[in-house]
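Read off the chains here:
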Amino acid sequence: MSLFNSLFGNSSDSDNKDTNQNGLNWNALTQIAQLDEIVEESASTPVVIFKHSTRCSISRMALKNFEREYNLDESEVAPYFLDLLQHRDISNEIAQKFQVIHQSPQLILIKNGKSVYDVSHSEIDAEALKSKI
């Protein structure tokens, strides 16, 4: 079990063990009102939202792989992180506001207030995202 936990973590691990593996400076998405700010911000800088279920080993693996590959500068894209278990209401609002079907894990790219790219599960890839920026 120790090897499994070191690869995928334990569902009782704190959230900070799920993020920031490579120093990626996530913006925590914790308020529905932030979605309006994201729309405004996306007019000048693309915004990426990573929706993560902290109890799901598949989501944790997708997050760790994404963070390991991610090498975009903050001037190129603004990264936001959503903990789905704590903020399901925000996830529902994202689905409605940006017209995407809810999935977990999920990566959504917002440009000019609209979702221009969204993927989930094994399709989440930092290099593919980079090509969409």
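Thresholds, definitions, all that
Residues numbered from 1 in each chain as written. Predicted model: local features only at pLDDT ≥ 70, side-chain atom pairs only at ≥ 80, totals over all residues. Heavy atoms only, no water. Salt bridge = Lys/Arg side-chain N within 4 Å of Asp/Glu carboxyl O. Helix = DSSP H or I, 4+ residues; strand = E, 2+ residues; numbered from the N terminus. Buried < 20%, exposed > 50% of the residue type's maximum accessible area, 1.4 Å probe, protein only. Pairing = 2+ DSSP bridges. Right-handed = clockwise from strand over helix to strand, strands pointing away.

## Here's the deal with the pattern of salt bridges
At step 1: What the rule picks out here adds up to 1 salt bridge.
At step 2: Measuring nitrogen to oxygen at the nearest pair gives 2.9 Å for the salt bridge that ties Asp36 to Lys97. In this pair, Asp36 sits in helix α2 (residues 34–41) while Lys97 sits in helix α4 (residues 88–98), placing the two residues 61 residues apart along the sequence.
At step 3: By relative accessible area, which is 43% here, Asp36 ends up partly exposed.
At step 4: Lys97 sits in the partly exposed class, given a relative accessible area of 32%.

## What to know about unusual backbone geometry
Trans peptide bonds make up the majority, and among non-glycine residues the majority have a negative phi.
At step 1: Residue Pro105 is bonded to the preceding Ser104 through a cis peptide linkage, with omega at -5°.
At step 2: Mapping Pro105 onto the fold places it in the loop between α4 and β4 (106–111).
At step 3: The phi dihedral of Gln99 falls on the positive side, at around 55°, and the residue is not glycine.
At step 4: Relative to the helices and strands, Gln99 is located in the loop between α4 and β4.
At step 5: Gln99 sits in the exposed class, given a relative accessible area of 72%.

## Regarding the pairing of strand β2 (residues 47–52)
At step 1: Within β2, 6 of the 6 residues are buried, leaving the element largely enclosed by the surrounding structure.
At step 2: With burial as the criterion, each face of β2 is covered, one bearing Val47, Ile49 and Lys51 and the other bearing Val48, Phe50 and His52.
At step 3: Two elements, β2 and strand β3 (residues 78–83), share 6 bridges in a ladder whose sense is parallel. The residue of β3 that forms the bridge with Phe50 is Phe81.
At step 4: Read from β2 through helix α3 (residues 57–69) to β3, the crossover connection turns out right-handed.
At step 5: Relative to β4, β2 runs antiparallel, the two sharing 5 bridges. What sits directly across from Ile49, in β4, is Ile108.

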